[in-house]
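# Fold and geometry: a report
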Amino acid sequence: MRSSLLSIILLCFTVVVKTTAQHLPEIDQYILNAEYTKALTLIDQQLTKTADTRSVVLLQNKKAETLIRQGQFDSAEKLLHTISGGITNAAFLQAVTQSNYGLLYLNQGRNDLAEEALKKSLQLFEDDGKSETLEAAQALAYLGNLYSATGKYTQAEEQLDRVLALRQKQLKENHELIAASYNDLGLAFTATDPDKALEFYEKALTIYQNLHGKEHPKIAIANTNIGFVYRKLELYGDAVNNFESALKIWEKVYPSAHPSKAFALFSLGETYLKIGDQKAAAGFYERALVMYQQSYGKKHPEIARVLNAIASIDIASRQYDKGLDHYQQALQANVSDFDNSDVRTTPRLRNFYDGNVLLYSLLGKAQAFESKYYGKTLKFQNLTSALHILQSCDTLIDKLRQQITNENDKIMLGVIASEVYADGVRIAQETGTVALVKKPYFEMAFSFAEKSKSAVLLEAISDANAKSFAGIPSELLDEEKNLKTAIALCAQKLAQKPTADEEKYLRETSFSLNRSYEAFTKRLENQFPEYFNLKFNASSPSIQQLQSKLDSKTALLSYFIDEKNNHLYIFQITKDKFSILDHVLPKEFSRYITGMRNGIFFNEMKAYTTAATQLSDILLPKHLPSAIQDLLILPTGRLSIIPFEALFTKSISPEDTYKTLPYLMNRYAIRYEFSAGLILQKPASSLTSAPSILLCAPVTFPEKDALNELPGTESEVTAIAQLFSAKNLNSGLFIKQNADEKLIKSDKVKEYKYVHLATHGVVDESNPALSRIFLQSDIGSEDGNLFAGEIYNLNLNADLVTLSACQTGLGKISKGEGVVGLSRALVYAGARNIIVSFWSVADESTSELMKDFYRKMLEDKAVNFSTSLRKAKQDLITQEEYAAPYYWAPFILIGF
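Residues numbered from 1 in each chain as written. Predicted model: local features only at pLDDT ≥ 70, side-chain atom pairs only at ≥ 80, totals over all residues. Heavy atoms only, no water.

## So, the overall build of the chain
- Counting secondary structure elements, the chain contains 37 helices and 16 strands.
- Looking at the chain as a whole, 59% of its 896 residues are labelled buried.
- Across the chain, the fraction of contacts at a sequence separation of at least 24, relative to all contacts at a separation of at least 6, is 69%. (Helix = DSSP H or I, 4+ residues; strand = E, 2+ residues; numbered from the N terminus. Buried < 20%, exposed > 50% of the residue type's maximum accessible area, 1.4 Å probe, protein only. Contact = heavy atoms within 4.5 Å.)

Next up, the structure:
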């Protein structure tokens, strides 16, 4: 959502500072009513009569706030400097002043300075024991709205929930500040949950109408926000009506140019563009641009946002040079020290106001150069210019990701980033096709493709590795683990739809824990500078680095889909060769994936073979070297939920049965990995220690979980234990009540090279935090549900973790990140390889497969896990009752 910082600023209302001075509430009311001239007059009158230092500082802060809301930023900044110079030891007054600095920087679009000032304000409130005051709540509201403006929606929700709770404790439900909180929360949810956003906006509107009637500025704000939601829901007529209503109110309040009016005009332009009326959209954009420039001058991120929109219309109209000029002007407006009008120059990625707007400017400019190449010039330089800009986009994405602390917000950034990387792959591949020297461009295409996969997971593992190498004391690591465990528990409990009182308590606890964790991380970065340098030092692997990891029998196949252009790229890497295959995807591609999965799951052979035949033709390279015996698959998107083993190496005949089909698995041993970066990041296997295994099977489950018993798992783990005992190898066998959650969380797990969990598992695709593995409960301390957040905090040292359970290989598919589920959590926890399942399978056949897998692994230690799993599957196919892919295909090996 391209939400305006202005709408956020206008939602940040003033608070009544409690003091003996009777005039402050009256001043506040003038500000609340947008009667700024009256507010300033009264403030100046009272300043001439007031000698008390505290009252003077509070009045001066009110004046600064009023000047900010009037758009007189220079005057406000000078006054705040004067105030700051006169305050010494009064933490509360310093906190109020820093809060107004945050408001000032927020209005100016200087987001980094705003965040710094607001965090300083909140720390001062806390140091002074005033962290639950309305003044502190206001600073927190500014910070939450800043997070909404910069795409950190989860962080915004957390801050703004806290603000609402603080205000509800001290104010009546129909108070303006309660309405302000509803508005703020609506804005935080507009991009992620429009229906929930609309609920908050309508609550705010009801309060405002009761207090002010229908033509007050706050009604205009509410109308604007409701218009956002209607536009997102594609109810364009309702959106236009709301934006026009807001504009009429602003025109009465502000007869001359004002950012509020400009924003309403811009919103109308965005809506008409969605309707398809480019002419009307362009007219509104031009009016908004003039008004913003009259209000802000030449530099402001909102000016850049409008210029981006104008440029996109230029490019759509094939006016390439005009569009490039507008994108260049957008860059100039959003970077304080960049004024170069040459479209082939790009600013250094520093001193920018709004990183997300800057990213859209750079991406649009790159796309404009590509469009100019195809639509006008066919000049090679236009492609290389586009690539240079996309590399800047990549660097900026890394910078923005480093500024985000919440994992969900990092994943949201991946949605924007995926468009950058899709353009990068496409343009780099095309550039390589027409270039004399092709290799560097093809390698660049691969690099862009890999940046789109598991970036957040890679960063998390890099962070963990950095802590290890930086020599951070164990007691600090234990402190971090305790904090992360508590945070994960809160998230898990909140996802389970608690009662209103429980939710309130959990949100307050979560807020406090996250603040503590943020402070902890800052402390680590300051005390251990090597940790800070290492944590952000991970880079995409080169083709040469990957080839050094491959043997002569292994081929790596990395898949990338450009959804916007419906194009598939397959990067094929062997020990000494690298090539790219690409082709347009048929419109039925997604249906083939669904058809293959459903055909296997429901044992519908015709549906399965029809879909698998089509997918085999699309996905499998025709000419792999004859020496290749192992395939390492790096899937993307929905390709992450199909078993490649069940694709075909040749055409099938009508006489084929499940036992005779030409499965890809019959030709190759197959394994998967989340991304190429993980191949380099994972620690090496502990080859020197003897194999040992921890086996865990609860068999029965508490009534509350409503799960079927798994009697076959007891014989499964017992037989596997006997296999290890026969080889004089160590095994730990934990069955029924002994197979409890406390065991898996203990340090005992680190003693084993292999961990095998034969139990139920469930993946919640809508809320990954609720994905879990079911174990026995330990009375008093654990509930028997090992949630994904708890798995992240395990400390494994296993070469292999097997989840002989239901659907443990699935998860939520997120753009730019891939599958977010249990398997990802296990990789982070330290599992070098994992075996998971795509769907529920009868425990008898699963038991047969698992026992055979370990038998083959122990019989021939020279072969890898994928070869042992392949042979076990082939043995299962020879049994008539288990020949169908339903029984063997869902079990896949992830790891290298």
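There's plenty left to go through after this.
## Quick word on the pairing of strand β3 (residues 578-584)
- Taken together, the seven bridges between strand β2 (residues 567-573) and β3 define a ladder with antiparallel strand orientation. Pairing of Gln572 across the sheet is with Ser579, part of β3.
- Linking β2 back to β3 in an antiparallel pair, the connection comprises four residues. (Pairing = 2+ DSSP bridges.)

## Digging into the pattern of salt bridges
- What the rule picks out here adds up to 40 salt bridges.
- Note that Lys299 is salt-bridged to Asp339, the shortest N-O span being 3.1 Å. Of the two residues, Lys299 sits in the loop between α15 (278-296) and α16 (301-316) while Asp339 sits in the loop between α17 (320-334) and α18 (355-377), which places them 40 residues apart along the sequence.
- Linking Lys736 and Glu714 is a salt bridge whose minimum nitrogen-to-oxygen distance equals 3.9 Å. With Lys736 in the loop between β7 (730-735) and α32 (741-745) and Glu714 in helix α31 (residues 711-726), the pair connects residues that are 22 residues apart, well separated along the chain.
- For Lys736, a relative accessible area of 38% puts it in the partly exposed group. (Salt bridge = Lys/Arg side-chain N within 4 Å of Asp/Glu carboxyl O.)

## Details of helix α13 (residues 236-253)
- Taking 1.5 Å per residue, 18 residues should reach 26 Å; α13 reaches 26 Å between its end C-alpha atoms and fits that length.
- Inspection of α13 places Tyr236, Ala239, Val240, Asn242, Phe243, Ala246, Leu247, Ile249 and Trp250 among the buried residues, and these make up the whole buried set. (Expected span 1.5 Å × (residues − 1).)

## A look at the confidence of the model for the chain
- On average, the chain scores 86 in pLDDT, and the residues at 70 or more come to 89%.
- Across the chain, α17 holds the top mean pLDDT of 97, while helix α1 (residues 5-11) sits lowest at 41.
- In this model residues 1-20 is a low-confidence stretch, pLDDT under 50, and it forms 90 contacts with partners more than four residues away in sequence or in other chains.
- Considering only residues more than four positions removed or in separate chains, one finds that residues 815-820, a stretch of pLDDT under 50, has 33 contacts. (pLDDT = per-residue confidence, 0-100.)

## Considering the packing of aromatic side chains
- In total, this model carries 31 aromatic pairs according to the counting rule given.
- Judged by centre distance (5.8 Å) and plane angle (20°), the rings of Tyr101 and Tyr105 are stacked. Here Tyr101 and its partner Tyr105 are both found in helix α6 (residues 91-108), four residues apart, which amounts to about one turn of the helix. The pair Tyr101 / Tyr105 is uniform in exposure class, with both members buried.
- Their ring planes at 85° and their centres at 6.1 Å tell us that Phe380 and Tyr441 sit as a pair that is edge-to-face. A residue pair is termed long-range when its members are at least 10 positions apart, and Phe380 in helix α19 (residues 380-402) and Tyr441 in helix α21 (residues 439-451) qualify at 61 residues.
- The class for Tyr441 is buried, based on a relative accessible area of 19%. (Phe/Tyr/Trp six-rings, centres within 6.5 Å; stacked < 30°, edge-to-face > 60°.)

## A short note on the sheet that holds strand β11 (residues 785-787)
- In spatial order, the strands read β9-β10-β11; together these three strands make up an open sheet with antiparallel pairing. Strands with a single pairing partner mark the edges of an open sheet, and in this sheet they are β9 (761-762) and β11.
- Taken together, the two bridges between β9 and strand β10 (residues 772-774) define a ladder with antiparallel strand orientation. When the sheet's bridge partners are listed, Val762 is paired in β10 with Arg772.

## Some remarks on the nonpolar core
- If you look at the biggest cluster of nonpolar residues, it comprises 111 residues, and the most contacted ones within it are Leu104 and Tyr285.
- Setting aside its immediate chain neighbours within four residues, Tyr285 contacts Phe266, Gly269, Glu270, Leu273, Val306, Ala309, Ile310 and Ile313.
- Among the nonpolar cores identified, the runner-up in size contains 110 residues, and Ala611, Tyr754, Leu796 and Leu803 belong to it. (Core = buried A, V, L, I, M, F, W, Y, C linked by side-chain atoms within 4.5 Å.)

## Re the side chain of Ser99
- For Ser99, the position within the fold is in helix α6.
- Contact partners of Ser99, with chain neighbours within four places excluded, come to Leu118, Ser121, Ala139 and Tyr142.

## Overview of helix α4 (residues 53-70)
- Between its terminal C-alpha atoms α4 stretches 26 Å, which fits the 26 Å expected from 18 residues at 1.5 Å a residue.
- A large share of α4 lies buried, amounting to 14 of its 18 residues.
- Phi turns positive, to about 90°, at Gly71, one or two residues after α4.

## Overview of the environment of Ala758
- Within the fold, Ala758 resides in strand β8 (residues 754-758).
- Among the residues examined, Ala758 registers a relative accessible area of 0% and is labelled buried.
- Between the C-alpha atoms of Ala758 and Phe774, which are 16 residues apart in sequence, the distance is 9.6 Å.

## Here we look at the packing of helix α9 (residues 153-170) against helix α24 (residues 500-527)
- Their axes nearest at 10 Å, the elements α9 and α24 cross at an angle of 125°. The orientation of α9 with respect to α24, classified from their angle, is oblique. Remark: the crossing between α9 and α24 carries left-handed chirality. Here Glu157, Glu158, Gln159, Asp161, Arg162, Ala165 and Lys169 of α9 lie close against α24, whose contacting residues are Arg507, Glu508, Ser510, Phe511 and Asn514.
- For the contact of α9 with α24, the residue count by class is two nonpolar, three polar and seven charged. (Axes fitted to C-alpha atoms, helices over the stretch in contact; angles between N-to-C directions. Parallel < 35°, antiparallel > 145°, perpendicular 65-115°, else oblique. Left-handed = near helix turned anticlockwise from the far one by under 90°. Nonpolar A, V, L, I, M, F, W, Y, C, P; charged D, E, K, R; others polar.)

## Thoughts on the packing of helix α10 (residues 176-190) against helix α12 (residues 217-232)
- Running from N to C, α10 and α12 cross one another at 20°; their axes reach a closest spacing of 11 Å. Comparing their axes, α12 and α10 come out roughly parallel. Helix-helix and strand crossings are classified by hand; for α10 and α12 the assignment is left-handed. Contacts between α10 and α12 involve Glu176, Asn183, Leu187 and Thr190 from the former and Lys218, Ile221, Ala222, Asn225, Phe228, Val229 and Lys232 from the latter.
- Each residue belonging to the contact of α10 with α12 can be placed in one class, and the counts come to five nonpolar, three polar and three charged.

## A look at the pairing of β8
- For β8, the buried fraction is high: five of the five residues fall into the buried class.
- The alternating pattern of β8 places Tyr754, His756 and Ala758 on one face and Val755 and Leu757 on the opposite face, and all of these are buried.
- With four bridges connecting them, strand β6 (residues 692-697) and β8 associate as parallel partners. Its bridge partner being in β8, Ile693 is matched across the sheet by Tyr754.
- Bridge analysis of β8 against strand β12 (residues 800-804) gives five bridges, and the strand direction is parallel. The residue bridging Leu757 from the neighbouring strand is Leu803, located in β12.

## Comments concerning unusual backbone geometry
- Here Val699, not a glycine, exhibits a phi torsion of approximately 70°, which is positive.
- Mapped onto the elements, Val699 comes out in the loop between β6 and α31.
- Unusually for a residue other than glycine, Asn728 sits at a positive phi of about 60°.
- Take Asn728: it is sitting in the loop between α31 and β7.

## Some details on the environment of Val343
- Counting through the fold element by element, Val343 comes out in the loop between α17 and α18.
- A relative accessible area of 17% means that Val343 is categorised as buried.
- For the pair Val343 and Leu324, spaced 19 residues apart in sequence, the C-alpha to C-alpha distance is 6.4 Å.
- Contact partners of Val343, with chain neighbours within four places excluded, come to Leu324, Asp325, Gln328, Lys365 and Phe369.

## Observations concerning the environment of Asn242
- Mapped onto the elements, Asn242 comes out in helix α13.
- Sequence-wise, Asn242 and Ala220 are 22 residues apart; in three dimensions their C-alpha atoms are separated by 8.4 Å.
- In this view, Asn242 contacts Asn223, Ile226, Gly227 and Tyr230; residues no more than four positions away in its chain are not counted.

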